[in-house]
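Here's the letter readout for the chains.
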Amino acid sequence: MVAMAYTVAFDGIDARLVQVQCAISPGMPGFTIVGLPDKAVSEARERVRAALSSMAIALPSQRISINLSPADLPKEGSHFDLPIALAVLAALDVVPHEEVSDIVALGELSLDGTLVPVVGALPAAVAAVDCDRALMCPAACGAEAAWVDAVRVIAPASLAQAIAHLNGRGVLDPAVAGEVTQGSGARCLSEVKGQERAKRALEIAAAGRHHLMLVGSPGSGKSMLAARIPGILPPLTPVEALETSMIHSLAGLLDAGGISRQRPFREPHHTASMAAIVGGGRGAKPGEISLAHNGVLFMDEFPEFPRAVLETLRQPIETGEVVVARANAHVRYPCRFMLVAAANPCRCGYLAEPARACGRAPACGDDYMGRISGPLMDRFDLRVEVPPVAFTDLDLPVGEDTSARIAARVAVARAVQVARYAGQAGMWANADAQGAVLDAVATPDAEGRALLLRVADRFGLSARGYHRVLRVARTIADLDGSDPVQRQHVAEAVSFRLTLTKEV
Ligand SMILES: Nc1ncnc2c1ncn2[C@@H]1O[C@H](COP(=O)(O)OP(=O)(O)OP(=O)(O)O)[C@@H](O)[C@H]1O
Ligand SMILES: [Mg+2]
């Protein structure tokens, strides 16, 4: 007798449907799982056997074969326990075949039959909708999975509850979606005294999703400024929230099934490993750059990151996705983030203050910033020097330009962009504009063009630099409420581009 259950295998944020076939046949008693299972999947048989015996269901003294189909797709993780148990139970006629094959199941079993939460309930729910089935997952994952529209989520707390539900003896109500968690009350930008230019750069970067580099002496407020970026970003759109949450779901980061409308803000330490930052390692998990998808990746003390890590960022910055390679497959994760980097200008940090700089200035500055390669530096649209704060500035009352006000201006500029790029595949904000679309929306008026050409010629802008200036100028014009990109918009964009550039 062959019984079928369904589950998923994760391939990046995609969940691919897997059929769990169970055959019980005469022969040497045994329990085998085939179909490229990893260690956690192979161990499922011990957990399933113990969970069933805890409910006084003994496995027959026959040969039990489980095949996970398609057989050439690698299966990883502990979430195969529940579908394997259900396939066995259907083959034993403990639960009806049709009920089992009508759901996509995932969940880990403990030895007493309790269902333990697993990662990836949200992408699994999307896959369940695609194949027109309900989703069965552990109770703790129900709130997360129920976020997907049109999915019916059954979230039993134990295998016994799952069996009762399938047999119609204890039908469970569908799970309801978790709370939308609001922002954690990001601190206000007005607390940062002075640093008007840096604040302006933050506003432009947030409005157009441009990459930003802050360079300045120790204690000038760089980390403080960056930490306040979440407070000026617009909330995630529902589509973005789902996309970002799918990645967080795979990393097991969704608290109590709540989906956050706040853009992610990730700040990996410079000692983090390559796998932690770009993704990979066991199970090819998403890294910090993917967890920052649709949000901010803040890399404090940027030159202190290992060179290999910094160089690896170059390609994901351009394409908005990263390919994590592992022995037998390539996993693709989206990573459209806004990169914010902070750095001291040199090792001692006081290069800009002749009275305090060390004896090696200015060579130490070149050495230190030289750790950031030219092509990587080229990807920063906005570069700002953050000077030491004057004591007189620190005495000033809290400024009027609060995060809420800046956020309102940013939201207006973003709304203009959303309307502008509607229908353009792969474009959401000015930073994404490419090719003919970029030419059409960002070509400046005659005066602006003349200025840009002069600057490009005088300072030897790269082709990428030229296009990045155009995108930033477009954002500045949007913040200004101007349809054409004018000379002053180009001039401001250029001024941010040329800071810290050797050519000046
Ligand atoms: N512009 C500012 N307005 C108000 N307080 C400031 C400002 N700049 C610095 N401070 C004070 O100095 C502290 C340190 O600032 P912060 O950590 O942001 O400096 P930093 O530029 O990141 O320094 P480092 O280069 O050492 O990392 C802040 O917690 C705050 O108390
Ligand atoms: Mg700092």
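Residues numbered from 1 in each chain as written. Chains lettered and ligands numbered in written order. Predicted model: local features only at pLDDT ≥ 70, side-chain atom pairs only at ≥ 80, totals over all residues. Heavy atoms only, no water.

An unreviewed UniProt entry annotates the chain as Magnesium chelatase family protein of Loktanella fryxellensis.

I'd like a rundown of the overall build of the chain, residues and numbers included.
Broken down by element type, the chain carries 22 helices and 20 strands. Considered along the principal axes of its C-alpha atoms, the chain spans approximately 85 × 50 × 45 Å. Going through the 504 residues of the chain one by one, you find that 52% of them count as buried. Contacts in the chain between residues at least 24 apart in sequence constitute 73% of all its contacts with a sequence separation of at least 6. Within the chain, the 54 negative side-chain charges are centred at a point lying 5 Å from the centre of the 48 positive side-chain charges. (Helix = DSSP H or I, 4+ residues; strand = E, 2+ residues; numbered from the N terminus. Buried < 20%, exposed > 50% of the residue type's maximum accessible area, 1.4 Å probe, protein only. Contact = heavy atoms within 4.5 Å. Lys, Arg positive; Asp, Glu negative; His and termini not counted. Charge placed at Lys NZ, Arg CZ, Asp CG, Glu CD.)

Could you give an account of the pattern of salt bridges, naming the residues involved and the relevant values?
In a structure, side chains of opposite charge can pair up when their charged atoms sit close to one another. Using the criterion set out here, one finds 24 salt bridges in the structure. Two residues, R263 and E240, come together in a salt bridge whose shortest N-O distance is 2.9 Å. Taken together, the positions of R263 in the loop between β12 (259-260) and β13 (265-266) and E240 in helix α10 (residues 238-250) put the pair 23 residues apart, joining distant regions of the chain. E240 shares its class with R263; the two are buried. (Salt bridge = Lys/Arg side-chain N within 4 Å of Asp/Glu carboxyl O.)

Before we move on, can you summarise helix α8 (residues 196-208) with the specific residues and values?
The end-to-end C-alpha distance of α8, which contains 13 residues, comes to 19 Å, matching closely the 18 Å that a straight helix rising 1.5 Å per residue would cover. With 10 of its 13 residues buried, α8 lies for the most part within the structure. Those residues of α8 that fall on the buried side of the exposure criterion are A198, K199, A201, L202, E203, I204, A205, A206, A207 and G208. Just downstream of α8 lies R209, where phi reads positive at about 55 degrees. (Expected span 1.5 Å × (residues − 1).)

Lay out the packing of helix α18 (residues 403-420) against helix α21 (residues 463-479) with the relevant residues and their values.
With their axes 9 Å apart at the nearest point, α18 and α21 run at an angle of 120 degrees to one another. In terms of axis orientation, α18 runs oblique to α21. In the crossing of α18 with α21, the sense of the turn from one axis to the other is right-handed. Contacts between α18 and α21 involve R409, V410, A413, V416, Q417 and R420 from the first element and R474, D478 and L479 from the second. (Axes fitted to C-alpha atoms, helices over the stretch in contact; angles between N-to-C directions. Parallel < 35°, antiparallel > 145°, perpendicular 65-115°, else oblique. Left-handed = near helix turned anticlockwise from the far one by under 90°.)

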